[in-house]
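Results of the structural survey
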Amino acid sequence: MQLNRENDKRRVLVIAAHPDDEVLGCGGTVAKMVQSGHCVQTIIACEGASHRGIQQQDGDEHFADQAAAVLGVDNVFMLNFPDQQLDTLTLTSIISPIEKIVFEFEPNILLVQFGGDLNRDHELLFKATMVAARPTVPCIEAIYAFDTASSTEWGYPRSFIPDTWVDIARSLDTKLRAMSCYQTELMPYPHPRSLEALRHKAHAWGNQACMDAAEVFVTVHRRCRNDKTLV
């Protein structure tokens, strides 16, 4: 993902269902954006511990703050919806806090969870985000959906077809350091959420576009600004 001008600083909002999704899907891209001087904030919709019987104070909220600090994210909004239970809520109750943050932060770019993932929370969060970021919201110039290891590739039908590759060769190690903060989410290799598998995945995506390492996105929405496209 390449912005028009180096001095054209943008506001980027990452919207993820669970703690660690934001790193798995776009941690390298976020680190690269921060290094370029762009302002990044993150929404994490659900707490990530209750469905596994872990006390929240010992769970992922603390890890999310640590990961954000590694990536250089300015702020993390924890909505604390129940994990794996978004389907028990009305869609409007999910939309409302996202709308509020969009209104206050006025992001130019949204990086969101892909709506065709295996995980039901991902699907519903994507739908809520599309309402909160509908085309009548003037600040939003582009929305990209990211791939989440151990969810997107397990979805069916397999509809994640990337059209945007972001070179993260210089920020891959930062992404992996951020993921290392999520002690309860890391799995041993060859699980897709192991650090080694995540490195392999970045290289595999990158090699498709003759890059050393990449993260990939599906363009959901993009509007022209000053007769120039965003990427």
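Our subject in this report is the structure included herewith. (Residues numbered from 1 in each chain as written. Predicted model: local features only at pLDDT ≥ 70, side-chain atom pairs only at ≥ 80, totals over all residues. Heavy atoms only, no water.)

**Describing the overall build of the protein chain**
- Across its full length, the protein chain holds six helices and seven strands.
- Reading the secondary structure of the protein chain in the N-to-C direction produces β-α-β-α-β-α-β-α-β-β-α-α-β.
- For the protein chain, with 231 residues in total, the buried portion stands at 52%.
- As presented, the protein chain carries roughly 10400 Å² of accessible surface, and 52% of it is formed by carbon and sulfur atoms. (Helix = DSSP H or I, 4+ residues; strand = E, 2+ residues; numbered from the N terminus. Buried < 20%, exposed > 50% of the residue type's maximum accessible area, 1.4 Å probe, protein only. Areas by Shrake-Rupley, 256 points an atom, 1.4 Å probe, with all protein chains shown as cover.)

**Looking at helix H6 (residues 195-208)**
- Here H6 spans 20 Å end to end across 14 residues, near enough to the 20 Å set by a 1.5 Å rise per residue.
- Among all positions in H6, only Ala 197, Leu 198, Ala 202, Trp 205 and Gly 206 are buried.
- Against helix H1 (21-35), strand E6 (164-167), helix H5 (172-180) and strand E7 (214-222) lie the buried residues of H6.
- Cys 210 sits one or two positions beyond H6 and adopts a positive phi of about 60 degrees. (Expected span 1.5 Å × (residues − 1). Contact = heavy atoms within 4.5 Å.)

**Observations concerning the nonpolar core**
- Counting 37 residues, the largest nonpolar core has Val 30, Leu 111 and Tyr 182 as the members making the most contacts within it.
- If you tally residues by element for this core, the top one is H1, at six residues. (Core = buried A, V, L, I, M, F, W, Y, C linked by side-chain atoms within 4.5 Å.)

**With respect to the sheet that holds strand E3 (residues 75-81)**
- If you walk across this open sheet you meet the seven strands as E3-E2-E1-E4-E5-E7-E6, and the pairing is mixed. Among the strands making up the open sheet, the edge pair consists of E3 and E6. Averaged over all pairs of adjacent strands, the angle between their axes in this sheet comes to 25 degrees, without regard to strand direction.
- In this sheet, strand E5 (residues 142-146) lies alongside strand E4 (residues 109-113) in parallel orientation, the contact comprising five bridges. (Pairing = 2+ DSSP bridges. Axes fitted to C-alpha atoms, helices over the stretch in contact; angles between N-to-C directions.)

Read these as layout, nothing more, since geometry by itself doesn't imply function.
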